[in-house]
Amino acid sequence: MLRITVIAVGKLKEKFWTAACDEYLKRLRPYAKVAVAEIPDVDPARAGGVDAARVREGEGILAAVPEGARVILMAIEGKQRSSEGFSQHLDELALRGESDLVFVIGGSDGVSEAVRARADETFSFGPVTLPHNLARVVLLEQIYRAFKISRGEPYHK
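Rules used in this analysis
Residues numbered from 1 in each chain as written. Predicted model: local features only at pLDDT ≥ 70, side-chain atom pairs only at ≥ 80, totals over all residues. Heavy atoms only, no water. Pairing = 2+ DSSP bridges. Helix = DSSP H or I, 4+ residues; strand = E, 2+ residues; numbered from the N terminus. Axes fitted to C-alpha atoms, helices over the stretch in contact; angles between N-to-C directions. Contact = heavy atoms within 4.5 Å. Phe/Tyr/Trp six-rings, centres within 6.5 Å; stacked < 30°, edge-to-face > 60°. Buried < 20%, exposed > 50% of the residue type's maximum accessible area, 1.4 Å probe, protein only. Lys NZ or Arg CZ within 6 Å of the ring centre and 35° of its normal. Core = buried A, V, L, I, M, F, W, Y, C linked by side-chain atoms within 4.5 Å. Expected span 1.5 Å × (residues − 1). Arc of directions from axis to C-beta.

Peer 1: Even after reading the chapter, I still don't get the sheet that holds strand S1 (residues 3-9), so can you show me in this structure?
Peer 2: Pairing between sheet strands relies on hydrogen bonds along the backbone, with the strands arranged either parallel or antiparallel. Sheet architecture is open: five strands sit in the order S2-S1-S4-S3-S5, paired in parallel fashion. Here the strands that pair on one side only, and so sit at the sheet edges, are strand S2 (33-39) and strand S5 (121-124). Between one strand axis and the next, the sheet turns through 30° on average, direction left out of account. Here S1 pairs with S2 via seven bridges, running parallel. Looking across to S2, one finds that Val 6 is bridged to Val 36. Across the sheet, helix H4 (residues 83-95) is in contact with strand S3 (70-80), strand S4 (100-105) and S5; its angle to S4 comes to roughly 135°.

Peer 1: I keep staring at the packing of aromatic side chains and nothing clicks. Help me out?
Peer 2: Two descriptors summarise a pair of aromatic rings, namely the distance from one centre to the other and the angle between the planes of the rings. The final tally for this structure, using the stated rule, is eight aromatic pairs. For the pair Tyr 24 and Tyr 144, a centre-to-centre distance of 6.1 Å together with 50° between the ring planes defines the contact as tilted. Residue Tyr 24 is located in helix H1 (residues 15-28), and its partner Tyr 144 is located in helix H6 (residues 132-150); the two are separated by 120 residues in the primary sequence. As far as the burial class goes, Tyr 24 and Tyr 144 line up, both buried. Taking the centre distance of 5.6 Å and the plane angle of 70° together, the rings of Phe 123 and Phe 125 count as edge-to-face. Within the aromatic cluster, the residues linked to one another by ring pairs are Tyr 24, Tyr 31, Tyr 144, Phe 147 and Tyr 155. A cation sits over an aromatic face here: Arg 145 above Tyr 155, 3.9 Å from the ring centre.

Peer 1: How should I be thinking about the nonpolar core in this particular structure?
Peer 2: The tendency in soluble globular proteins is for nonpolar side chains to be buried side by side. Residues Ile 4, Phe 103, Leu 140, Ile 143 and Phe 147 are the most contacted members of the largest nonpolar core, which totals 31 residues. Residue assignment for this core shows that the elements contributing at least two residues are S1, H1, S3, H4, S4 and H6. Counting residues per element, this core draws most heavily on H6, at eight residues. The residues contacting Leu 140, other than those within four sequence positions of it, are Val 6, Cys 21, Tyr 24, Leu 25, Leu 28 and Val 34. Val 9, Val 65, Ala 75 and Val 102 belong to the second-largest nonpolar core, a separate cluster that totals 14 residues.

Peer 1: Would you take a moment to explain the environment of Leu 95 for this structure?
Peer 2: By the secondary structure assignment, Leu 95 is in helix H4. Using a relative accessible area of 76% as the deciding quantity, one classes Leu 95 as exposed.

Peer 1: Mind showing me how you'd approach H1 here?
Peer 2: It helps to recall that an α-helix has 3.6 residues per turn; residues three or four apart then point in one direction. An ideal rise of 1.5 Å per residue puts 20 Å on 14 residues; H1 measures up with 20 Å between its terminal C-alpha atoms. Among the residues of H1, those classed as buried are Trp 17, Cys 21, Tyr 24, Leu 25 and Leu 28. Projected onto a plane normal to the axis of H1, the buried residues spread over an arc of 105° and lie on a single side. Exposed side of H1, more than 90 degrees from the buried face: Lys 15 and Phe 16 are the residues found there. Buried residues in H1 make contact with S2 and H6.

This is how it looks when you write it as structure tokens:
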């Protein structure tokens, strides 16, 4: 079974974001083992600046990546795919034996160069900027949609 980890900087504070993520995690159970790892966000004022905060967050991100996992960084400049294209890409990765996937959603100031260097690819929802909590919900929804598309199952709206 495919293992997917979403590593996200920051904690979901509002209940509606948590409820949305929990709903998609529940829907994903029949298709893959999906988990979310939250990395504490670092206040740049306390870390010695934005770069130092990114480095500290990056250390947390990299520590949460399972050994041998394929890392997909969510980045506005990343490759854009339709839902069907995303589904096909996940199928291709699985066929190549890439059974451990990690999606990284960085903090509000982006990610460190070390995280960028570790990423095997970048993925984008397009040129729009999404709040990180919404990006997490959208990513989980798109992963769920990808499995439904792959299996030819109807997507219940």
